[in-house]
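These are the residues of each chain, in order.
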Amino acid sequence: QVQLVESGGGLVQSRGSLRLSCAASGMVYSINTMGWYRQAPGKPREAVATSTRDGRTNYADSVQGRFTISRDKKTVTLQMNSLKPEDTAVYYCNANGVYLQPFDRPYEYWGQGTQVTVSS
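All values reported here derive from a predicted model rather than from experimental measurement.

A.B. asks: What is the right way to read the state of the cysteines from this model?
C.D. replies: The full count for this structure, using the stated rule, is one disulfide. Linked covalently through their sulfurs, Cys22 and Cys93 form a disulfide whose S-S length is 2.1 Å. With the S-S dihedral at roughly -85 degrees, the linkage between Cys22 and Cys93 falls on the left-handed side. With Cys22 in strand E3 (residues 18-24) and Cys93 in strand E9 (residues 89-99), this residue pair connects regions lying 71 residues apart in the sequence. Taken individually, Cys22 and Cys93 each receive the classification buried, so the pair is uniform in this respect.

A.B. asks: Just checking my understanding: could you explain the nonpolar core for this structure?
C.D. replies: When a protein is soluble and globular, its nonpolar side chains tend to lie buried together. In this structure, Leu4, Trp36, Val48, Phe67, Leu78, Met80 and Tyr91 are the most contacted members of the largest nonpolar core, which totals 30 residues. For this core, the element with the highest residue contribution is E9, accounting for five residues. Apart from the residues lying within four places of it in its own chain, the contact partners of Tyr91 are Glu6, Leu20, Trp36, Tyr37, Arg38, Val48, Phe67, Leu78, Met80, Gly113, Thr114 and Val116.

A.B. asks: In this structure, what is going on with unusual backbone geometry? I would like to understand it.
C.D. replies: Trans peptide bonds make up most of the peptide bonds, and negative phi angles are found at most residues other than glycine. Positive phi, normally seen in glycine, also occurs at Arg15, with a value near 75 degrees. Secondary-structure assignment places Arg15 in the loop between strand E2 (10-13) and E3.

Thresholds, definitions, all that
- Residues numbered from 1 in each chain as written.
- Predicted model: local features only at pLDDT ≥ 70, side-chain atom pairs only at ≥ 80, totals over all residues.
- Heavy atoms only, no water.
- Disulfide = S-S within 2.5 Å.
- Helix = DSSP H or I, 4+ residues; strand = E, 2+ residues; numbered from the N terminus.
- Buried < 20%, exposed > 50% of the residue type's maximum accessible area, 1.4 Å probe, protein only.
- Core = buried A, V, L, I, M, F, W, Y, C linked by side-chain atoms within 4.5 Å.
- Contact = heavy atoms within 4.5 Å.

Encoded structure:
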């Protein structure tokens, strides 16, 4: 089974920057989509940014122009600039369409989550 290991969360001031990283462990044949989701207290989980294997990216309207996602075969990073207090949440790494073998079924995996707190 694949594990997603996240790092980079922490406390930062408003208008500051933070970089989140996530690495998929173990043998992986391919991953179609990697991305970041977040969940604030009392609110549902929402997609922040995703990136496909061929380089297509999607961003939530709330982070457009401030966050940048990048990835390679087994890692994904999220560069967060101009952070706001409303960005405070637990951020989860996601890998979807994960193939362990060429003719295997695809799987989905989640990281354990990393806390991002933006002070006002």
